[in-house]
Amino acid sequence: SLFQKFPYVSLTFTDVTAKDAIKSANKGELLKAENIYLQFNIWDLYNKNYRIRKIEIKNATVNLMVYDDGSDNYHFWKKDTVPNKSFSFDLQKLAFDNVTIRYKNFYSNQDYSGVAKNILLKGKFGSDHYSMYVNGDLFVNYINVSGVNYFPSRNSNIDIVLNVNQNTDTYT
């Protein structure tokens, strides 16, 4: 669509289901979404530069898992060995609108659940080191760390800046 998500041109997916990215026949649902919008700058498209600038997810459920051995269910992408100059993943914004998110880490005994009512994440996500800005409204179902439940059933507003270092897996 040229106008649905103006000023971006958007590629819209409806009724999306993505299974866990694990090596097992019994796969759960990593993602189930009513709508996902991949958004591009119109001038990039005109110049045949296909760079995804923003992803918007609406009315969805996301289940992220980290297992006892440290593996997870959400790393599905592979490193590109052949550079493609006409297509790149220059993601700078990620928007969640009514997205239920659950993060369960068996390895570190953490379990989080909430609903991102209207959350926007901004940053140069493709970079090794960047600042990520997170802002919006969240309903926290629970934050459980080592059996202790924090912030049960609360409306919250998030306004965070995280310094992300992909090389060292650190978030400050």
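First things first, this report covers the structure right here in the doc. Residue numbers run consecutively from 1 along every chain, following the written order of its sequence. Predicted model: local features are reported for residues with pLDDT of at least 70 only, side-chain atom pairs are reported and counted for 80 or more only, and whole-chain, interface and lining totals are derived from all residues. Derived side-chain values reflect all non-hydrogen atoms in the structure, with water molecules and hydrogen atoms excluded from consideration.

### A word on the pairing of strand β3 (residues 50-66)
What counts here: Should DSSP find at least two bridges between two strands, the strands are regarded as paired. Numbering of helices and strands starts at the N terminus; helices are DSSP runs of H or I of at least 4 residues and strands are runs of E of at least 2.
Relative to β3, strand β2 (residues 29-41) is paired through 9 bridges, and the arrangement is antiparallel. Of the residues in β3, the one forming a bridge with Lys32 is Thr61. Relative to strand β5 (residues 93-105), β3 runs parallel, the two sharing 12 bridges. Within the sheet, the bridge partner assigned to Thr61 lies in β5 and is Thr100.

### Here we look at the packing of aromatic side chains
What counts is decided by this rule: A pair of aromatic rings is counted whenever rings of Phe, Tyr or Trp (Trp by its six-membered ring) have centres within 6.5 Å, and the orientation is called stacked for planes under 30 degrees apart, edge-to-face for over 60 and tilted otherwise. Relative accessibility decides the category of a residue: with a 1.4 Å probe and only protein chains considered, values under 20% of the type maximum give buried, values over 50% give exposed, and everything between is partly exposed.
For the structure shown, the criterion picks out 3 aromatic pairs. With 6.4 Å between their ring centres and 10° between their planes, Tyr67 and Phe106 make a pair best called stacked. With a gap of 39 residues between them, Tyr67 in the loop between β3 and β4 (87-88) and Phe106 in the loop between β5 and β6 (110-122) connect regions that are remote in the sequence. When its relative accessible area of 24% is taken as the criterion, Tyr67 is described as partly exposed. You can call Phe106 partly exposed: its relative accessible area is 39%. Geometrically, the ring pair formed by Phe125 and Tyr130 is edge-to-face, given 5.6 Å between the ring centres and 80° between the ring planes. Residue classification places Phe125 among the buried positions, given a relative accessible area of 18%.

Take it as geometry only, folks, not as evidence of what the structure does.
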